[in-house]
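The primary structure of each chain is shown beneath.
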Amino acid sequence: MTFTQESSLQSVNETILPRRYQEEIFQRAQECNVIAALDTGSGKTFISILLIKWIVLQESARGKVIVFLVPKVALVEQQANFIAAHTPLRVKKFHGSLDLELTDRANWRTSFEKSDVVVMTAQIFLNIVTHSHWSIDKVSLLVFDECHHTRKNHAYNGIMREYFQTPSFQRPKVFGMTASPIWNPKDAQGSLMTLERNLDAIVIAVREHVSELLHNSPRPLEIIKEYYPPPTNYIYLNPNLWDCVSLFPSLDVAIPWEKLQMKYHVTRNSLGPYCADLYLYHDIKARISQIINDLEASIKDKPRINYDDDAYPGMDIDESSETAIVIPSDLEQIDFILCEFRPFFEDDSVPTAVPITVPLAWCSPKVKALAEVLLEHCSPTFQGIVFVEQRQVAACLAKILSCIPELRGSIRCAELVGHGGGHGHRGKHAATANVKGMGLARQQDVVKSFRDGTLNLLIATSVAEEGLDFPACDLVIRFDPLHHMVGYVQSRGRARTKTSTFVIMVQEGHMAHLNRYKIFVDSEPELKRVYQSRENPARPPSPTPSDSEEGEVEEENPVDLAARERYIVLRRVLLLNYLCSLIPHDAFTPAPLPKYSGDYATVLELPSSLPLPIDKLIFRGPLRCSKREARRAVAFMAVKELHKLGVFDDYLLPSAGSKGRNLEDADGRKLLDVSDVPDIIDVPVRDPWALGPRLRMHVISIDGVDVAGLVTGTELPMLEIMGEGCLVTMRCTDELVFDEDDEWEKLEMLNEYTKMGIWFCITGRPITLPITCFLVPLTPHNCIDFDAVARVVRDPLGTHDWSSVTEDDYHHTLIMNCNQFGRALVLRKIRDDLTALSVPPPGSRESSCSTYEEFFVQRWTRKTREAVVPTDCPLVEATYLPRHPSGLYRPMHRLQDLDKYKRQMARPGLLVPQGACRRTYFSENVYRAFLFLPRICRRATDLYRAQEERFELGLPAIKDELLIEASTLPTTSATWNNQRLETLGDSVLKLAATVHVMNKYPHRHEGQLSQLRQNSVSNRTLLARALEIGLEKYLTSEGQSLHVWRYTIAEDDDRMEPFISARRHAHRAYPRRSLQDCMEATLGAAFLHGGIDMALRAGDALGMTMGGTIPWTLRYSPPPLFDDLQANLGYEFHRGDLLIEAATHPSFATTAGSSYQRLEFLGDAVIDLVVMKYLFNKFPEATSGQLSAARSRAVCGPTLASIAVRRLGLHKHLLINNVELSTAITRHVPLLMSLSPEDTISKGWKYDPPKALSDVLESIVGAVLVDTRFDFEKTAVIVEAVINDVLEVLTTDLPRDPVSELMVWAAAAGCRRISFQKTQSNPDLRRNDSVSVVVHDVVVVGPITATNLSLSKGLAAERARTVLADPTFDKSLEKLCDCVRNLAAAVPEVAEAIIADDTTPSKLTDETEEGFAAIAKQKLLDGEAESAQNHDEYDDDVVDMDVEE
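Remember, predicted model here, so these are calculated numbers, not experimental data.

So, how was this worked out
- Residues numbered from 1 in each chain as written.
- Predicted model: local features only at pLDDT ≥ 70, side-chain atom pairs only at ≥ 80, totals over all residues.
- Heavy atoms only, no water.
- Helix = DSSP H or I, 4+ residues; strand = E, 2+ residues; numbered from the N terminus.
- Buried < 20%, exposed > 50% of the residue type's maximum accessible area, 1.4 Å probe, protein only.
- Contact = heavy atoms within 4.5 Å.
- Areas by Shrake-Rupley, 256 points an atom, 1.4 Å probe, with all protein chains shown as cover.
- Salt bridge = Lys/Arg side-chain N within 4 Å of Asp/Glu carboxyl O.
- Expected span 1.5 Å × (residues − 1).
- Pairing = 2+ DSSP bridges.
- Axes fitted to C-alpha atoms, helices over the stretch in contact; angles between N-to-C directions.
- Left-handed = near helix turned anticlockwise from the far one by under 90°.
- Nonpolar A, V, L, I, M, F, W, Y, C, P; charged D, E, K, R; others polar.
- pLDDT = per-residue confidence, 0-100.
- Phe/Tyr/Trp six-rings, centres within 6.5 Å; stacked < 30°, edge-to-face > 60°.
- Lys NZ or Arg CZ within 6 Å of the ring centre and 35° of its normal.
- Polar contact = N/O pair within 3.5 Å; in protein donor to acceptor, adjacent residues only side chain to side chain.
- Core = buried A, V, L, I, M, F, W, Y, C linked by side-chain atoms within 4.5 Å.
- Parallel < 35°, antiparallel > 145°, perpendicular 65-115°, else oblique.
- Patch = residues over 30% accessible without salt bridge, like charges linked within 9 Å, V, L, I, M, F, W, Y side chains within 5 Å.
- Lys, Arg positive; Asp, Glu negative; His and termini not counted.
- Charge placed at Lys NZ, Arg CZ, Asp CG, Glu CD.
- Disulfide = S-S within 2.5 Å.

*Asks:* Whenever I open this one, the overall build of the chain confuses me. Can you help?
*Replies:* Scanning the chain from N- to C-terminus turns up 48 helices and 31 strands. Of all 1445 residues assigned to the chain, the portion counted as buried reaches 55%. The long-range fraction of contacts in the chain, counting pairs at least 24 apart against all pairs at least 6 apart in sequence, stands at 75%. Of the roughly 61,300 Å² of accessible surface on the chain, 51% is carried by carbon and sulfur atoms.

Right, dumping it as structure tokens:
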């Protein structure tokens, strides 16, 4: 949403021309750094626009960026849109909900480099500068909006400290904007000088065009409105809400009663008893909701399903896992009281107001006085703002004003408050959080409604005092007392029309507040004269550490300042907090935080979950003169030490690798920038099919008989393939040498001979381009039979001479019907008993005609030629030659080769006049060789690329078959490709990278390790490494079909060039994703051939981050041995401390030892690979998708938790120090013990056991790997034994999860109007936890509530599938859905439109009908494609025959 609208933009100037006083300030701003002190509404932002346009034209600004800083999030959108609307510059904006991760260095740099102006909150820019994502010297102009905040510890001041550390000649220009340059009226000169010194600028005001300024920024009428003090007693409810709930201040209820009581009385004194109870009602209600929600989350029990049993009968719920939440009795009593008072304070139909009329007798005199002011100034076009101090006052006042009888119908109001601090609280402190903050989106909605007139009154805290672009208000009221000059000037600036009124409300007899206001009024002209009357003020000196300001909480001692290190002074304490915030923890473990103790010599204790040496978890700081400086000093000691250990990098960020577009891997090696690599890449791949000056002969043998030769310019590897039950082999023999006189002639003959054979036996169409390999007949001595070649070249279509044909030639002679050139036939028999004039026998396909001649004429006559049907010759019986235009072959190692048992079936015969046929000169051996030529060429290509890849990349001796499979892309349409190996390789890479980073960085916690691993295994990293080593040159992407012969010379090439130099590459195009898949597939192939050791060697050759080629057992030296014997796994641990660490939950961890998180991180990868290897070997026919689906069932949380409890009893050994977690585990153990492996795999999604159970199993496995000196094979045997019962029940046809099942079923039924709908079971919750299924706008099931949203969706989908499929239900699909009928009448293309654009799958969501239908359709198509692929495994050898019907 955008704050800037046309109406507010016009307030600057219709013609976008500056006023004269704006030009005056602009001219002075060009000369030096200035602070423009102008009233609100005078157009300070427009002056900054003029300065921005001027600065970008300066030579010194080239390559630099302009930074526009604002103090509040709401101002980012407003100012960015204003700048974008008035300049052609590239404007980028950043604030809390839009900015990048702090660690994403690359994208921060890119964002700045691709922008001319960046608008952001000050804290974000301070973070960026502090961590060197950008530097001050790369900024040409710094604009500070509301720059009077540049004092004390505000982020503005932090930025200026960095500014002063930059050499003066590299500093940017500074332009500040404020209506209140003087903060302290008691020391106006000192306050002004402090601001100027901090901003390195001088404060200026308009001097030459004051009258124009006053005309455009008129001062409102100021009125003092007095009100009576609040009475002791009111005519109000008795007892009131506070009287009732204060009877139950139990310690068992996590409600801060003292804080509530204080706010209650503040609200009562300010607004009256009704508003005080209104505040109390909503605050306690929200806290109770949060407490109950925390209890549900801690128990993590079975879902509570919210539906009527009568409407949804037969729901199958496992009641054994349902457990009631134990709610304290006092909390129940308080909740009952709230329900009793609900009619007074809440109505769901009117959430912005109270449900009753609020009499003024229930309100304070202060509210009565406010009502009088509003009635006096209210009009149809009235707009006003009421400023209050506290958020709860704003909220209550906004709810009641429109319900006061005297104001009803006149006032439309809402509160506008800050974000507050309550939104980030979680866990056990959530109930004590401040729940009254307002989010950014809600703020924007309120401001928009106020601008467009939907609201005419805002009840606002200080968030509305400055910056936000409001229309000029008719009335501005200071409801609470003024405390400083800035608040007075800023709030009065909202009333900036000539007819506006500014009302100050003061309690009668409260002279202190009245006197303070009068001081502000009387001193303002004098304060303005301080900076308006100065002539050429001197530029202020740079601030020194000794500069102090009025109002500092704790002055900084010069001794402390002298000892302070500058480069981390601002953020060293926050750095430690940020580091700890990255440590993963579950709901049962408090968020890890550093602990400080002591006063002037502070002791710092870091969380034990940081994997640091014991002596690095506690730091004792030096003695300092202030408590704050003592904390800074000890924090700095810790940060320096952690930097030495590698926990912080050189940019003082937690060393976890950059999130987003990482620039290096876990080893610090730079990555190639792949951002400009297109989705489809065109690359030259290795290709052996070239001629060149040296030609080589390769002899082709079928079943041991040499049948033909293959001539090309590359020495091809020896090969063997199976086909039609025949063993075909090829070997390279000699280099061919021709006589120079007839070399060209002979090459031309070989070219023509081969092209004719390809036409007849493979493509069925002639070839026009020269080819790159020749298949030739051989003499008994395996030389080229040039006589046979010459006969074919002389008579390419054969001869009509049949005189030499005998019965011995039957089934061995290739003939050609002149009526159907290109469709070769094999002679079966000469029928001397038949001619074209003979009568066809009944039942034959020719029997529809009276003679064979009539049939042939009808069959072969075309518009351009007549059929040739001689009648004076016998007919010949023949069969069509079974063409093989596909290069598909079966690798010898994959599957059971069906070709061993397959023989060519007898083809149906046909009759042709002998005189219409030519007898070709191709021998049987040669045309049989031609039939195998596509497969020979494909196999030779695959072997050539595999061997080149192995040699040039330095890969280990991976089997040819595995390396070929790893390089074969799905685009080949083969029944095998690299997807299975890629799935396996993904698991191998995950484990290898995990082992490497865990050992290389022993002092980094799980969160950091996870990011380091992600940087090493991400698709972007794999793609970069693949391009660096040139992997793209070895991938096979060509399709199998050769209807158009592929191995030819390009049309535009010189005919002689191919014989002069051999170009062994061919241009191919395929998706860039194929490169990263091939990287993982090659790794999987190495692992499959030689285990982890070979995988490490392959990964090193491929440039992967795996720590090198040294085997793990040698790389990681054995630790000291212990005598503790551990028999839980059937394995003897050498290190007892490993087992203790593996069983230690973070809640139990102390400074004496670490928790299991790092070992769990390792064990997760081990189990993943063990399961994938098992599945890969057990199901050789399974697709990648099937393997992944089966693996996910085996390694999911419920399955591992079940194994941990059933097989190892780990719940008994787990070291926990958390009552809620222990209770939750105890509740789930009986259920997990009772689950069979079959139920665990098929119904595991229904259960949500504590994550600690699956974590501890993974950590035990990780401990085994470490204890075995990283011997993966030994660890894999142990893991397989532990999870054996689960592995045995895994199949490749597991039932789908309920959501997928519902989607596929709905897609098959043709319904396109289904969606999931997320809701909140409790309106006070800040998250969705319930799911409904909506079909054709009818809620069929739900809302169903569970402990997590995924489980809610699964239960809802399962129930919906049952309801929709039952025709007896009113909400069955056949009664609700008419999609099939409507679709039948629609344009056919519409049916596929929802999945036509597959480029943006991330935009699809099952919460919309279109998204649900698209995802469901894709799942259905994926299932059909998978089934078709499985079916094609047995049909891929069906030949492409041109058989006549």
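*Asks:* In this structure, what is going on with the pattern of salt bridges? I would like to understand it.
*Replies:* Working definition: two side chains of opposite charge can pair if their charged atoms are close together. This model, assessed by the stated rule, comprises 42 salt bridges. The salt bridge involving D452 is made with K448; its shortest N-O contact spans 3.6 Å. The salt bridge involving D1255 is made with K1251; its shortest N-O contact spans 2.9 Å. With D1255 and K1251 both in helix α40 (residues 1251-1267) and four residues apart, this pair spans about one turn of that helix. Residues joined by salt bridges that share partners form a network here, namely D665, R669, R1025 and E1028.

*Asks:* What should I look at first to understand helix α28 (residues 1006-1017) in this one?
*Replies:* For an α-helix, 3.6 residues make a turn, and residues three or four places apart therefore share a direction. With 12 residues, α28 extends 16 Å from end C-alpha to end C-alpha; this agrees with the ideal 16 Å at 1.5 Å per step. Among the 12 residues that make up α28, nine are buried, leaving the element largely enclosed by the rest of the structure.

*Asks:* Explain the sheet that holds strand β20 (residues 719-723) to me, please; I cannot follow it from the model alone.
*Replies:* Strands sit in the order β20-β21-β18-β19-β22 across an open sheet of five strands; the sheet is antiparallel. In this open sheet, the two edge strands, each paired with only one partner strand, are β20 and β22 (774-776). Taking each pair of neighbouring strands and ignoring which way they run, the sheet shows an average axis angle of 25 degrees. Two strands pair when backbone bridges link them, and strand β18 (residues 695-702) and strand β19 (residues 705-712) are joined in this way by seven bridges, in the antiparallel orientation. Following the sheet pairing, R696 is matched in β19 by T712. Along the sheet, helix α22 (residues 743-763) makes contact with β18 and β22, crossing β22 at roughly 85 degrees. Sitting on the sheet, helix α25 (residues 924-953) touches β18, β19, β20, β21 (726-736) and β22, and the angle it makes with β20 is about 125 degrees.

*Asks:* Where do I start with unusual backbone geometry in this structure?
*Replies:* Comment: phi is negative for the bulk of residues other than glycine, and the bulk of peptide bonds are trans. With an omega of 5 degrees, the peptide bond between N238 and P239 qualifies as cis. When you line up the elements, P239 lands in the loop between β8 (221-227) and α10 (241-245). Non-glycine residue N782 carries a positive phi angle of around 60 degrees. Within the secondary structure layout, N782 lies in the loop between β22 and α23 (786-794). Using a relative accessible area of 22% as the deciding quantity, one classes N782 as partly exposed.

*Asks:* Is there a simple way to explain the packing of helix α27 (residues 979-1000) against helix α31 (residues 1073-1101) in this structure?
*Replies:* Packed helix pairs are specified by the crossing angle of their axes together with the interaxial distance, meaning the distance between the axes. Put simply, α27 and α31 touch, their axes get as near as 6 Å, and they point 65 degrees apart. As α27 runs across α31, the sense of the crossing is left-handed. Residue-level contacts link Q979, L981, E982, L984, G985, D986, V988, L989, L991 and A992 of α27 to D1077, E1080, A1081, L1083, G1084, A1085, F1087, L1088, I1092, A1095 and L1096 of α31. For the contact of α27 with α31, the class distribution of residues is 14 nonpolar, three polar and four charged.

*Asks:* Even after reading the chapter, I still don't get the environment of R765, so can you show me in this structure?
*Replies:* Looking at the secondary structure, you find R765 in the loop between α22 and β22. Assessed through its relative accessible area of 41%, R765 is described here as partly exposed. Between the alpha carbons of R765 and R823 there is a distance of 9.0 Å; along the sequence they are 58 residues apart. Ignoring sequence-local partners within four residues, the contact set of R765 consists of W759, H1043 and V1044.

*Asks:* Explain the environment of Y852 here, please?
*Replies:* The residue Y852 is located in helix α24 (residues 852-860) in this model. Overall, the relative accessible area of 2% leaves Y852 in the buried class. Expressed as a C-alpha distance, the spacing of Y852 and T871, which sit 19 residues apart in the sequence, is 9.4 Å. Residue contacts for Y852: discarding those within four places in its chain leaves L834, T835, A836, S838, V839, P840, P841, E846, L875 and L911.

*Asks:* What exactly am I supposed to notice about the sheet that holds strand β31 (residues 1338-1345) here?
*Replies:* Neighbouring strands of a sheet are bound in pairs by backbone hydrogen bonds; such pairs are parallel or else antiparallel. Spatial ordering of the open sheet is given by β29-β30-β31, a layout of three strands whose pairing is antiparallel. One side of each edge strand has no neighbouring strand; the edge strands of this open sheet are β29 (1314-1319) and β31. Taken over all neighbouring pairs, the strand axes of this sheet differ in orientation by 20 degrees on average, direction set aside. In this sheet, strand β30 (residues 1330-1335) lies alongside β29 in antiparallel orientation, the contact comprising six bridges. Residue pairing in the sheet places F1316 in a bridge with V1333 of β30.

*Asks:* Teacher, can you tell me more about the confidence of the model for the chain here?
*Replies:* Reading fine detail from the predicted coordinates is not recommended where pLDDT is low. For the chain, the mean per-residue pLDDT works out to 80, and 83% of the residues sit at or above 70. Below pLDDT 50 for its whole length, residues 559-570 participates in 29 contacts with residues either more than four positions away or in separate chains.

*Asks:* Mind showing me how you'd approach the packing of aromatic side chains here?
*Replies:* For the structure shown, the criterion picks out 28 aromatic pairs. Their ring planes at 65 degrees and their centres at 5.9 Å tell us that F855 and F856 sit as a pair that is edge-to-face. Like F856, F855 is buried. Put simply, the rings of Y236, Y274, Y281, F341, F344, F345 and W362 pair up and form one aromatic cluster. One Lys or Arg, K366, reaches over the ring of F479 and ends 4.3 Å from the middle of that ring. Its end group placed over the ring of F1176, R980 keeps NZ or CZ at 4.1 Å from the ring centre.

*Asks:* Can you help me understand the side chain of R492 in this one?
*Replies:* Along the chain, R492 turns up in helix α17 (residues 485-492). Overall, the relative accessible area of 5% leaves R492 in the buried class. Here Y488 takes part through its side chain, which lies 3.0 Å from a polar atom of the side chain of R492. Apart from residues lying up to four places away in sequence, R492 is in contact with R219, P220, E222, F502 and E524.

*Asks:* When you look at the nonpolar core in this model, what are you seeing that I'm missing?
*Replies:* A general feature of soluble globular proteins is that nonpolar side chains tend to end up buried together. In this structure, L710, F930, L991, W1112 and F1272 are the most contacted members of the largest nonpolar core, which totals 174 residues. If you tally residues by element for this core, the top one is α31, at 14 residues. Ignoring any residue separated from it by four or fewer positions in sequence, one finds L710 in contact with W689, R696, M697, H698, I700, L716, M730, C773, F774, L775, L933 and I936. Formed by 166 residues, the second largest nonpolar core is a distinct cluster that contains Y264, C275, I288 and L397.

*Asks:* What is the right way to look at the pairing of β21 in this model?
*Replies:* In this sheet, β21 lies alongside β18 in antiparallel orientation, the contact comprising seven bridges. Residue pairing in the sheet places V699 in a bridge with R731 of β21. Judged from the five bridges that link them, β20 and β21 form a sheet pairing that is antiparallel. Within β21, the residue paired with E720 across the bridge is T729. The loop that links β20 with its antiparallel partner β21 comprises two residues; one of these, E724, has a positive phi angle of about 50 degrees.

*Asks:* I would appreciate a short explanation of helix α26 (residues 960-967) in the present structure.
*Replies:* For α26, the tally of buried residues reaches seven of eight residues, placing the bulk of the element in the interior. All buried positions along α26 are accounted for by E961, L962, L963, I964, E965, A966 and S967. Of the surrounding secondary structure, the elements contacted by the buried residues of α26 are α25, α27 and α31.

*Asks:* Got a minute to help me understand the packing of α22 against α25 in this structure?
*Replies:* The N-to-C vectors of α22 and α25 enclose an angle of 75 degrees; their axes lie 9 Å apart at closest approach. The angle between the axes of α22 and α25 places the two elements in the roughly perpendicular class. Contact with α22, carried on its side by Y753, T754, G757, I758, C761 and I762, involves V926, Y927, F930, L931, L933 and P934 of α25 and no other residues of that element.

*Asks:* It is not clear to me how a negative patch on the surface should be interpreted in this structure. Could you clarify?
*Replies:* Judged by side-chain charge, D739, E740, D741 and E743 come together as a negatively charged surface patch. Residue placement: D741 occurs in the loop between β21 and α22. Classification of D741 as exposed rests on a relative accessible area of 81%.

*Asks:* It is not clear to me how the state of the cysteines should be interpreted in this structure. Could you clarify?
*Replies:* By definition, a disulfide links the sulfur atoms of two cysteines through a covalent bond. Scanning all chains against the criterion turns up zero disulfides. Residue C403 stays outside any disulfide, its sulfur separated by 8.5 Å from that of C413, the closest cysteine.

*Asks:* Which parts of the structure should I look at to understand the pairing of strand β12 (residues 475-478)?
*Replies:* When a strand is regular, its side chains alternate between the sheet's two faces. Burial of the side chains of β12 extends over both faces: L475 and I477 are buried on one face and V476 and R478 on the other. Both strand β9 (residues 384-387) and β12 contribute to a ladder of four bridges, which runs parallel. For I385, the partnering residue across the bridge sits in β12 and is V476. Pairing of β12 with strand β13 (residues 501-507) involves four bridges; the strand directions are parallel.

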